[in-house]
Amino acid sequence: AGRGGAAGPPSGAKGAAGGMRSAGGGAGGRQDFGFHGCGDHRQDLQQFVSKNCLDARTQEALETLSEVEQKKVMGTDGGPNSFVLIDKVANPNAVVMSRLRTAQR
């Protein structure tokens, strides 16, 4: 005589670690997803590598990109990419390498 039901509310709602995206559109209709880093690009790069436990190969590949491409990969350009991957994906290194290939196109 319980309420049972296997489909309850999802646990761990998205965005708990700051991954929520802003719904507001930016100037000129460009959607701004809200994360622009701390203002120091080198520090953002170090934090991205550290927080996501990226291996040396991935870090080296990231460092070969231009600053604009690095920001796109890290999501600090205000785009849709998430800065913190470690709690969201099984293999952050693979995700970053995929983003790298996309950024270089």
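Our subject is the structure that appears above.
Here the structure is a predicted model, which is why all the values come from computation and not from measurement.

Section: the pattern of salt bridges
In the structure shown here, the tally under the stated rule is one salt bridge. Where Glu-67 meets Lys-71, a salt bridge forms, and the shortest distance between an N and an O atom there is 3.3 Å. Of this pair, Glu-67 and Lys-71 both sit in helix 3 (residues 67-74), four residues apart, roughly one helical turn.

A short note on the packing of aromatic side chains
This structure, assessed with the given rule, holds one aromatic pair. Ring centres of Phe-48 and Phe-83 lie 5.4 Å apart, and the angle between their planes is 55°; on these two criteria the pair is classed as tilted. Remark: Phe-83 occurs in the loop between helix 3 and helix 4 (92-103) and Phe-48 occurs in helix 1 (residues 41-51); sequence separation between them is 35 residues. Judged by relative accessible area, Phe-48 falls into the buried class, the value being 0%.

Cut-off values and rules
Residues numbered from 1 in each chain as written. Predicted model: local features only at pLDDT ≥ 70, side-chain atom pairs only at ≥ 80, totals over all residues. Heavy atoms only, no water. Salt bridge = Lys/Arg side-chain N within 4 Å of Asp/Glu carboxyl O. Helix = DSSP H or I, 4+ residues; strand = E, 2+ residues; numbered from the N terminus. Phe/Tyr/Trp six-rings, centres within 6.5 Å; stacked < 30°, edge-to-face > 60°. Buried < 20%, exposed > 50% of the residue type's maximum accessible area, 1.4 Å probe, protein only.

Any link to function would need more than the numbers given here.
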